[in-house]
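A structural walkthrough
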Amino acid sequence: MRIALFITCFNDTMFPGTGRAVVTVLERLGHTVDFPQEQTCCGQMHFNTGYRPDAVPLVARFARTFADYDAIVTPSASCAGMVKENHPLLAEEYGHEQLRRDVAGLVPRVHEFTEFLTDVLKVTDVGAHFPHRVSYHPTCHSLRGLRLGDRPQQLLRAVRGIDLVDLPAADSCCGFGGTFAVKNADTSSAMLADKTAGVLATGAEVLCAADNSCLMHIGGGLSRQGSAVRTMHLAEILASTEGDQL
Amino acid sequence: MSSRGVVWLGSPSFPDAARVALKDDQLRANLKRATGTIRDKRLTVAAELDDWEELRTAAEAIKNRTARHLDHYLVQLEESVTAAGGTVHWASDAAEANRIVTELVQATGEREVVKVKSMATQEIGLNEALAEAGITAYETDLAELIVQLGDDRPSHILVPAIHKNRTEIRDLFRAEMGHWGQPAPEDLTDEPRELAEAARRHLRQKFLTAKVAVSGANFACADTGTVLVVESEGNGRMCLTLPETLITVMGIEKVLPTWSDLEVFLQLLPRSSTGERMNPYTSTWSGTTEGDGPSEFHLVLLDNGRTDTLADPVGRQTLGCIRCSACLNVCPVFERTGGHAYGSVYPGPIGAVLTPQLVGVEQAASLPFASTLCGACYDACPVKINIPEVLAHLRAKVVEAKDGHTVEGLAMKAAGKVLDSPRLLGAAQKAAALGGRALARNGKIGRLPGPLHGWTDTRDTPAPPAESFRTWWRKNRESE
Ligand code: SF4
């Protein structure tokens, strides 16, 4: 199976450690992965802010870059959702016949990281060791967009040494929402305050999720409050082993 | 400003209005308690039906079919209502609807009407229009009465006074009820039962003497000409049966093809709205009946932007809304800001998509952005209206209307250029890493001035690391 990584522009720039963790886990499971350098961005910011035509070249670039792979794996539920739901829509609205066909052919091969592990590779125990108290925040895109269900928790429960604790009001939005956090900063902050209060109530040392954007938002709030709780992408927990703690 | 109601004149944009609401701790506590309770109840009673998802699918299908053949079903409705002894009027906008209703009331010679809670009459500002003609409209729904007595605005579709708690309501009753109708008892407490009783007594005189009633409609069946109102208190039923003249104002999208379609909606509506298996009162009427109920019935069919909405293939699903308010109760934004921030009769997620479509996106440009696109509303909606999809669609319309020459538009264009080139993206990453690290202290970026200050007011941002993933890959994997 030819596996390509779609690391996303945001992870690439801000959270390269997540990409490295994905590589670690997949290689540990015996797979060879590729990172096509022509990749950039899924166009989510443009799409969600109303700049649809500006997202179209990015859709075309994505389709071009990943055309030849059997599986395209990404550690971002929201970017996977963007590709799966909205690339077909943009191709339909603005694209030519060929783009529409390319996108339609590609979409079934695009996988969010946890879903790729559980559903395609059929593993839940990836050999990780992480002796810490951890809480998981299901981001809106993993919960209601991609319907990941408890796949992430299945993976986390199989981690040795982990103490997994439930997050109160886990399914309520953290208030990030891309440009929402800037355009409606006050409402976003009010939502964030409830989310960080929930995180602190768990007594967890680490909060993890399948989307670094939401984690940056929640982690930024925790940090501003002087909390020592760390935010980590779930892939980084799965990449940790006894000898190699992240 | 168009002649379409819906938006309150002079309303600030959503972020500005929200900022004010967010400072009101009492409001936030009231909202959190109210929406939290109803949210849990809804989940419980929805889970009781093993065909809940099938019901949603059926409701969506019926609403889609209705929208596709709306002209046909409306004409059929007019024929059925006329045959049953009612009179049908067509109103293209708020002003026309108000004129029709005012003239109908004037023709009776009455100066007072009792009202059944109705979104459509809120939308067109009927009470204000009647007042201008010297006619007083008395709201009889408990929550609407609270809003009216307080000279306030509704903030929720189903519970217009959700922003007020019981103590605030008791104080309002004590202060205001004496101005007309029976005053509130001296020793009135804030027990819900006592409050409801005080309202009932206050209104009783009006129920018994009013000759004209004005209502909305939850549904109307094209085949039988049956109009329906669903309610909890029974005050609506008093208005629908006691007066001599009944005037119903109904959005044209409320029509259903057949009587049997009600089966689906009467299961979905109470469960989705109040979290009850069945609502206490469902009143149906078909035209007029000699010696029973009103002797005159007028049905005003209101367009007010609906046919424009129908013309948009993505936006038209909004017309399927049955005003259950489930989307409001699960919305994390509504829960924090309350309904007034939306500046419209229709608040919450449905308001954020319906209002801009009814009045034109330029008139309500901030509303499609008043959401994180978290999707909770879509999951809750009993007719499966994909609100996030419509929100994103309307955002594009707002941007189009602004012609792209805004600061944001130029920034998006620039970002698009960078993101369409791995080389430019790599360069931008290096610049961001350098710039970010220069700004950062202890690896974190604190408060920033300018448009990003809203973000940095409450959050730290990590400085971008020196090495991007693509650089790491090139060094560690490419060379192998
Ligand atoms: S959009 Fe759906 S959930 Fe919201 S009020 Fe309408 S029917 Fe109810």
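In every chain, residue numbers begin from 1 and rise along the written sequence. Think of it this way: whatever chain is written first is A, whatever ligand is written first is 1, and the rest follow in order. Whole-chain, interface and lining totals are the exception, using all residues; otherwise, since this is a predicted model, local features are given only for residues with pLDDT of at least 70 and side-chain atom pairs are given and counted only at 80 or more. Side-chain numbers here rest on the full set of heavy atoms in the structure, without hydrogens or water.

In this section: the overall build of chain A. The secondary structure content of chain A amounts to 13 helices and eight strands. As a reference, a globule follows 2.2 Å times the number of residues to the power 0.38, and the radius of gyration itself is taken over C-alpha atoms. Its C-alpha atoms give chain A a radius of gyration of 18 Å, within 12% of the compact-globule value 18 Å for 246 residues. A principal-axis box enclosing the C-alpha atoms of chain A has dimensions of 55 × 45 × 30 Å. When contacts within chain A are restricted to residue pairs at least 6 apart in sequence, those whose partners lie at least 24 apart make up 79%. A 1.4 Å probe and the Shrake-Rupley method give the accessible areas. Residues count as covered only by the protein chains that appear here. Carbon and sulfur atoms provide 51% of the accessible area of chain A, an area that totals close to 8,400 Å². The average position of the 21 basic charges and that of the 27 acidic charges among the side chains of chain A differ by 2 Å. Starting at the N terminus, helices and strands are each numbered in turn, a helix being any DSSP run of H or I of at least four residues and a strand any DSSP run of E of at least two. When checking whether two residues touch, look at their non-hydrogen atoms; a contact exists if any pair is within 4.5 Å. Positive charges are assigned to Lys and Arg, negative charges to Asp and Glu, while His and the chain termini are left out of the count. Every charge is mapped to an atom, namely NZ of Lys, CZ of Arg, CG of Asp or CD of Glu.

Attention now moves to the overall build of chain B. Looking only at helices and strands, chain B has 22 helices and twelve strands in total. Seen through its C-alpha atoms, chain B measures out along the principal axes to roughly 95 × 55 × 45 Å. The contacts in chain B between residues at least 6 apart in sequence include a share of 75% that link residues at least 24 apart. As presented, chain B carries roughly 20,300 Å² of accessible surface, and 52% of it is formed by carbon and sulfur atoms.

Proximity is defined per residue: any heavy atom of the residue falling within 4 Å of a molecule or strand makes that residue near it. Around the ligand, the surrounding shell holds 13 residues, and the nearest of these are B:Cys321, B:Cys324, B:Ser325, B:Cys327 and B:Cys381. Taken together, the residues of the shell around the ligand sort by class into eleven nonpolar, one polar and one charged. Residue polarity follows a fixed list, in which Ala, Val, Leu, Ile, Met, Phe, Trp, Tyr, Cys and Pro are nonpolar, Asp, Glu, Lys and Arg are charged, and the others, Gly among them, are polar.

Attention now moves to a negative patch on the surface. Here the term patch refers to residues with relative accessible area over 30% and no salt bridge, with like charges joined within 9 Å and nonpolar side chains (Val, Leu, Ile, Met, Phe, Trp, Tyr) within 5 Å. The salt bridge criterion pairs a side-chain nitrogen of Lys or Arg with a carboxyl oxygen of Asp or Glu, the two atoms within 4 Å. On the surface, B:Asp50, B:Asp51, B:Glu54 and B:Glu263 cluster together into a patch of negative charge. Partly exposed residues are those whose accessible area sits between 20% and 50% of the maximum for their type, while under 20% is buried and over 50% is exposed, using a 1.4 Å probe and protein chains only. For B:Asp50, a relative accessible area of 76% puts it in the exposed group.

Residues and elements named next belong to chain A. Axes here refer to lines fitted to C-alpha atoms; in helices the fit is confined to the stretch in contact. Angles between the N-to-C directions go from 0 to 180 degrees. Between helix α4 (residues 52–66) and helix α5 (residues 77–94), whose axes approach to 10 Å, the crossing angle comes to 110°. Looking at the two axes, α4 sits roughly perpendicular to α5. Residues Arg52, Pro53, Ala55, Val56, Val59 and Phe62 of α4 form the contact with α5, whose own contacting residues are Val83, His87, Leu89, Leu90, Glu93 and Tyr94. Each residue belonging to the contact of α4 with α5 can be placed in one class, and the counts come to nine nonpolar, one polar and two charged. By definition in this entry, angles of less than 35 degrees are roughly parallel, angles greater than 145 are roughly antiparallel, angles of 65 to 115 are roughly perpendicular, and the rest are oblique.

All names here are of chain B. Here, strands pair whenever DSSP counts at least two bridges between them. Spatially, the four strands line up as an open sheet ordered β8-β5-β6-β9, and their pairing is mixed. Each edge of the sheet is formed by a strand with only one pairing partner; in this case those strands are β8 (255–256) and β9 (281–286). The sheet contact formed by strand β6 (residues 226–231) and β9 spans six bridges and is antiparallel. Residue pairing across strands places Val230 opposite Thr282, the latter belonging to β9.

Right, let's talk about the pattern of salt bridges for a bit. Scanning the model with the defined rule gives 35 salt bridges over all chains in all. A salt bridge links A:Arg61 to B:Asp420; the nearest nitrogen and oxygen atoms lie 2.8 Å apart. Taken together, the positions of A:Arg61 in helix α4 and B:Asp420 in the loop between α19 (407–419) and α20 (422–439) put the pair across two chains. The exposure class assigned to A:Arg61 is buried, which follows from its relative accessible area of 7%. A residue is classified by how much of its surface remains accessible, and B:Asp420, at 27% relative accessible area, is partly exposed. With a shortest N-O distance of 3.9 Å, B:Glu335 and B:Arg336 are connected by a salt bridge. Across this residue pair, the class does not change: B:Glu335 and B:Arg336 are buried. Among the charged side chains, a salt-bridge network with shared partners connects A:Asp194, B:Lys32, B:Arg39, B:Glu335 and B:Arg336.

Right, let's talk about the nonpolar core for a bit. All names here are of chain B. The criterion is simple. A nonpolar core is a set of buried Ala, Val, Leu, Ile, Met, Phe, Trp, Tyr and Cys residues joined through side-chain atoms within 4.5 Å. Ranked by internal contacts, the top residues of the largest apolar core, which has 71 residues, are Phe14, Phe219, Phe265, Tyr342 and Ile350. Among the elements that line this core, the one with the most residues is helix α16 (residues 348–359), at six residues. The residues contacting Phe265, other than those within four sequence positions of it, are Ala59, Ile62, Lys63, Phe219, Leu256, Pro270, Ile322 and Val383. Judged by nonpolar contacts, the second largest core, of 48 residues, contains Leu77, Leu145, Ala199 and Ile252.

Glancing now at the packing of aromatic side chains. Working definition: rings of Phe, Tyr and Trp (its six-membered ring) pair if their centres are within 6.5 Å, and the pair is stacked with planes under 30 degrees apart, edge-to-face with planes over 60 apart, and tilted otherwise. Tallied over the full model, the rule gives 15 aromatic pairs over all chains. Joined through ring pairs, the aromatic side chains of A:Phe35, B:Phe469, B:Trp472 and B:Trp473 make up one cluster. Should the NZ of a Lys or the CZ of an Arg lie within 6 Å of a ring centre and within 35 degrees of the ring normal, that charge is described as sitting over the ring. Positioned over the ring face of B:Phe369 is A:Lys183, at 4.5 Å from the centre of the ring. A cation sits over an aromatic face here: B:Lys63 above B:Phe265, 5.6 Å from the ring centre.

A few words now on the interface of chain A and chain B. When the parts of a complex come together, some accessible area is lost, and that lost area is often taken as the interface size. Between chain A and chain B, the residue contacts involve 60 residues of the former and 63 residues of the latter. For any pair of parts, buried area is found by adding up, for both, the accessible area (1.4 Å probe) each one loses once the two are put together. Here chain A and chain B share an interface that buries about 5,400 Å² over both sides, 57% of which is from carbon and sulfur atoms. A per-residue breakdown of the area chain A buries against chain B is headed by A:Gln37, A:Tyr51 and A:Arg224, which together make up 14% of the total. Side-chain atoms alone can form a polar contact between residues adjacent in sequence; in general such a contact is a pair of N or O atoms within 3.5 Å, and within protein one must be able to donate a hydrogen while the other accepts it. Linking chain A with chain B are 31 residue pairs in polar contact (both at pLDDT 80 or more). If one sorts the elements of the side of chain A that touches chain B by residue count, helix α11 (residues 185–202) of chain A sits on top with nine residues. In the side of chain A that touches chain B, the residues fall into 26 nonpolar, 20 polar and 14 charged.

Bringing the side chain of A:Ser188 into the picture now. For A:Ser188, the location among the structural elements is in helix α11. We classify A:Ser188 as buried; its relative accessible area is 0%. In this view, A:Ser188 contacts A:Cys174, A:Gly175, A:Phe180, A:Ala181, A:His217 and B:Arg459; residues no more than four positions away in its chain are not counted.

Residues and elements named next belong to chain A. Judged by which residues are buried, strand β3 (residues 71–74) turns out to be covered on both faces: Ala71 and Val73 on one side and Ile72 and Thr74 on the other are all buried. Of the pairings in the sheet, the one linking β3 to strand β4 (residues 110–112) comprises three bridges and is parallel in character. Residue pairing for β4: Thr74 is matched across the bridge by Glu112.

What follows concerns unusual backbone geometry. With a phi angle near 45°, A:Ala169 is a residue other than glycine that sits in the positive phi range. By the secondary structure assignment, A:Ala169 is in the loop between β6 (163–165) and α10 (180–183).

So yeah, pure geometry; function would need other evidence.
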